[in-house]
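Here is what each chain is made of, one letter per residue.
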Amino acid sequence: ALEQHAQEAVELLKEKRVSEGVVRLGALLRIPADLADPALMAGDAGYPSGVTREYYAFVEESLTKIPVVLDDPPALRMQRARLGTYWRSVHGRSRGDSGVILEELFRNGRVVDHRTLDYRSPVFGVASLAYSRAGTSIAATWLVLWRSVGGDVTRMPTPGQRRAREPQAAPASPPPSPQRSAP
C-alpha cells in the first residue's frame, strides 16, 4: 500500500502535474513520519489510557532540547527498489523503542505525569531518536521519489557531520596599566 501511494505521486510528477504530485508527495511523507513514531508502534494491545497523551506532552515540551541528527546517512542515497525495505526497518526500530515508553510512563498501575521526566530519562532518548529517525526517513523518501522522476539533486550539498566544540576559554585580561603619581 505504501509503494502504491509513492507510485501515485511519481506518476503525477512524470505527467508534469507538479502541483498535484507535490501535494501527493507531501501526504505520503506522513507515512515515514508515522513509521518513526514509537507511540504508534505499541502493537495490538497499545498503551493504557493516558500513556500516549503524556508521551506526546513530554515530546512537545522537550522539542527545543532535542537535536535533530541524520539517523541513517546511506538512506539519503538509496534506490527506489529499497524504499519498502527501508520503511520496514524504520518500523522495526520504532517498534523496538515503544516498550520504553510503556515502562517509563506507566508504573505501579498508574500513568506517570510527563512533568516528572527530564532530558536524562529514557523517554527523552526514545523521543530524540524518533524525531531524528522521522526527519531522516522523510528526507530519504522525498529524495528517492524525486530522483525517480528525474528531479534535479545536483545542487544538493553532501550532509556533513558536526561535532560539539569544546568551550573556548575566555581571553586573559590585559594586566592593569601602571598608574603615575602626580608630581
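Placed above this text is the structure.
None of these values were measured; they are calculated from a predicted model. By convention here, each chain's residues receive numbers from 1 onward along its written sequence. In keeping with the model being predicted, local features are shown solely for residues with a pLDDT of at least 70 and side-chain atom pairs are shown and tallied solely at 80 or more, while totals for entire chains, interfaces and linings include all residues. By convention in this description, side-chain values take in all heavy atoms of the structure and omit both hydrogens and water.

(A) The packing of aromatic side chains, seen in detail. Each aromatic pair joins two rings of Phe, Tyr and Trp (for Trp, the six-membered one) with centres within 6.5 Å, and gets the label stacked for planes under 30 degrees apart, edge-to-face for over 60, and tilted for any other angle. Tallied over the full model, the rule gives three aromatic pairs. A centroid spacing of 6.5 Å and a plane angle of 85° characterise the contact between Phe-58 and Phe-124, whose relative ring orientation is edge-to-face. Here Phe-124 lies in helix α6 (residues 122-148) and Phe-58 lies in helix α4 (residues 51-62), a separation of 66 residues in the sequence. Type-normalised accessible area, obtained with a 1.4 Å probe on protein chains alone, sets the label of each residue: buried when under 20%, exposed when over 50%, and partly exposed for intermediate values. A relative accessible area of 2% places Phe-58 in the buried class. Measuring from centroid to centroid gives 6.4 Å for Trp-142 and Trp-146, while their planes differ by 20°, and the two rings are stacked. Pair noted here: Trp-142 and Trp-146 are both in helix α6, with a separation of four residues, about one helical turn. Here Trp-146 falls in the partly exposed class, since its relative accessible area comes to 26%. One cation-aromatic arrangement involves Arg-120 over Tyr-119; the distance from NZ or CZ to the ring centre is 5.6 Å. Secondary structure follows DSSP: runs of H or I at least 4 residues long count as helices, runs of E at least 2 residues long count as strands, and numbering of each begins at the N terminus. Two conditions define a charge located above a ring, namely a distance within 6 Å from the ring centre to NZ of Lys or CZ of Arg, and an angle within 35 degrees of the ring normal.

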